[in-house]
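Per-entry structural report
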Amino acid sequence: MNQTQYACNECDYLIYLDALEEGHVACCPRCHHHVVERKLNSINRTLAVCFAGLIIFFPAILQPLMSMRILGLDSSASLFTGMKAIWQNDLHFVAACIFFFCIFTPITKLISALIICLGVKAKKIHHAWFKQLFMYYHKADTWEMLEVFMIGILVSIFKLKDLADLSLNIGIICFAVLVLCVNALKITLDKAMIWDEIDNAKP
């Protein structure tokens with residue numbers, strides 16, 4: 001029976017494991033840290049998250065997050081219009097960071113995860129591009145910062161609530177759902193399983 005070698009992330013102990021079934025966890029015999037966990041129905045759950053995230057992405061970016069009324073003047077802004085206003089005020093680096101971390105990286109992460117799951121289902125993981133795409137997904141997983149932007153929105157609401165009349169719009173609900181979808185990929189996608197599939201793939 002083929003076995004795979006794993007190193008414990010806590011104590012570096014090397015263990016050999018047979019194929020694990022979905023829902024099972026392998027622990028280190030030395031420190032009892034979880035070494036490998038096979039997630040239940042990983043591919044289908046990840047596909048559902050990807051589709052939900054892609055559907056909600058454009059409303060989250062383009063719809064107004066909140067409206068503000070101060071001194072008789074009404075104002076509202078979306079993520080896109082806010083980024084555009086920052087760019088027009090010559091804060092180009094800040095606008096570029098918002099675009100990269102809050103727009104470009106999340107959408108490419110969702111699309112990459114979708115292609116990866118479809119590739120696993122279609123048994124196309126032996127192609128060289130699949131491994132490169134999965135390596136890119138690993139990097140993109142640490143680049144997106146939607147939750148940081150969400151914290152910034154919440155801080156802004158707290159700071160402005162006593163200075164103006166604020167009302168939340170549909171955009172902030174869509175944005176919160178997008179944050180949940182992008183972060184849910186870390187829970188649903190079984191990276192270890194996909195690496196094992198890549199290692200065992202035959203042309």
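Residues numbered from 1 in each chain as written. Predicted model: local features only at pLDDT ≥ 70, side-chain atom pairs only at ≥ 80, totals over all residues. Heavy atoms only, no water.

**Overview of the overall build of the protein chain**
What counts, and what does not: Helix numbers and strand numbers start at the N terminus; a helix is a DSSP run of H or I with at least 4 residues, a strand a run of E with at least 2. Relative accessible area decides the class of each residue, using a 1.4 Å probe on protein chains only: under 20% of the type maximum gives buried, over 50% gives exposed, and in between gives partly exposed. Any two residues having at least one pair of non-hydrogen atoms within 4.5 Å are treated as being in contact. With residues, only the protein chains shown are counted as cover, and all accessible areas are computed by Shrake-Rupley using a 1.4 Å probe.
When you go through the protein chain residue by residue, the secondary structure sums to 7 helices and 7 strands. Listed by position from the N terminus, the elements making up the protein chain come as β-β-β-β-α-β-β-α-α-α-α-β-α-α. Counting all 203 residues of the protein chain, 36% fall into the buried class. Sequence separation of at least 24 residues holds for 62% of the intrachain contacts in the protein chain that already meet a minimum separation of 6. Element-wise, carbon and sulfur atoms account for 63% of the exposed surface of the protein chain, whose accessible area totals about 12200 Å².

**Some thoughts on a nonpolar patch on the surface**
The following threshold applies: Two joining distances apply to patches: 9 Å for like charges and 5 Å for nonpolar side chains (Val, Leu, Ile, Met, Phe, Trp, Tyr), and every residue must have over 30% relative accessible area and no salt bridge. Whenever Lys or Arg places a side-chain nitrogen within 4 Å of a carboxyl oxygen from Asp or Glu, that contact is recorded as a salt bridge.
Together, Phe58, Leu62 and Phe80 give the surface a local cluster of nonpolar side chains, amounting to about 310 Å² of exposed area. Structurally, the position occupied by phenylalanine 80 is in helix α2 (residues 79-88).

**With respect to the nonpolar core**
Heads up, the condition is: Among buried residues, those of type Ala, Val, Leu, Ile, Met, Phe, Trp, Tyr and Cys that are joined through side-chain atoms within 4.5 Å constitute a nonpolar core.
If you look at the biggest cluster of nonpolar residues, it comprises 44 residues, and the most contacted ones within it are Phe175, Leu178 and Ile194. Within the residue set of this core, elements represented by two or more residues are α1 (42-62), α2, α3 (92-121), α4 (128-140), α5 (146-160), α6 (170-188) and α7 (191-200). The next biggest cluster of nonpolar side chains, apart from the first, holds 8 residues, and it includes Cys8, Ile15, Ala26 and Val35.

**Focus on the packing of α1 against α3**
Rules: What counts as an axis is a line fitted to C-alpha atoms, over the stretch in contact for a helix, and the angles between N-to-C directions run from 0 to 180 degrees. In this scheme, roughly parallel covers angles under 35 degrees and roughly antiparallel covers those over 145, while 65 to 115 is roughly perpendicular and the rest are oblique. Left-handed describes a crossing in which the near helix is turned anticlockwise from the far one by less than a right angle; the clockwise case is right-handed. When residue character is reported, Ala, Val, Leu, Ile, Met, Phe, Trp, Tyr, Cys and Pro are called nonpolar, Asp, Glu, Lys and Arg charged, and the others, Gly included, polar.
Orientation of α1 relative to α3, taken along the N-to-C sense of each, is 150°, at an axis distance of 9 Å. Relative to α3, the element α1 lies roughly antiparallel. When you trace α1 past α3, the crossing you get is left-handed. Here α1 contributes Ile43, Asn44, Thr46, Leu47, Val49, Cys50, Phe51, Gly53, Leu54, Phe57 and Ile61 to the contact with α3, which in turn contributes Cys102, Ile103, Pro106, Ile107, Leu110, Ile111, Ala113, Leu114, Cys117, Leu118, Val120 and Lys121. Per-class residue counts for the contact of α1 with α3 are 19 nonpolar, 3 polar and 1 charged.

**Focus: the packing of aromatic side chains**
Rule in force here: Stacked, edge-to-face and tilted are the three classes for Phe, Tyr and Trp ring pairs, Trp counted by its six-membered ring, which pair at centre distances within 6.5 Å; planes under 30 degrees apart are stacked, over 60 edge-to-face, the rest tilted.
Counted by the stated rule, this structure contains 7 aromatic pairs. Centre to centre, the rings of phenylalanine 100 and phenylalanine 101 are 5.1 Å apart; their planes meet at 85°, and the pair counts as edge-to-face. Arranged with centres 6.4 Å apart and planes meeting at 5°, the rings of phenylalanine 134 and tyrosine 137 form a pair that is stacked. Taken together, the residues span about one helical turn, with phenylalanine 134 and tyrosine 137 both in helix α4 at a distance of 3 residues. Classification of phenylalanine 134 as buried rests on a relative accessible area of 0%. Feature note: the residues Phe99, Phe100, Phe101 and Phe104 constitute an aromatic cluster, connected by ring pairs.

**As for the side chain of serine 78**
Of note, serine 78 is situated in the loop between β6 (73-77) and α2. A relative accessible area of 6% places serine 78 in the buried class. Excluding residues within four positions of it along the chain, serine 78 makes contact with Ile61, Leu62, Gln63, Pro64 and Leu65.

**Focus on α7**
In plain terms, the rule: N or O atoms within 3.5 Å of each other form a polar contact, as long as, within protein, one can give a hydrogen and the other can take it, and as long as residues adjacent in sequence are counted only when both atoms are side-chain atoms.
Those residues of α7 that fall on the buried side of the exposure criterion are Met193, Ile194, Asp196 and Ile198. Residues of α7 that are buried make contact with β1 (4-7), α1, α3 and α4. The backbone nitrogen of methionine 193 has a side-chain oxygen 3.1 Å away, supplied by the residue at the start of α7, namely aspartate 190.

**Description of unusual backbone geometry**
The backbone of aspartate 90 sits at a positive phi, close to 70°, despite the residue not being glycine. With respect to the element layout, aspartate 90 can be found in the loop between α2 and α3.

**Remarks on the confidence of the model for the protein chain**
Put simply, the rule is: The predictor attaches a confidence to each residue, called pLDDT, with possible values from 0 through 100.
Here the protein chain shows a mean pLDDT of 80. Residues at 70 or above account for 88%. Mean pLDDT per element in the protein chain: β6 is the minimum at 69, and α1 is the maximum at 92.

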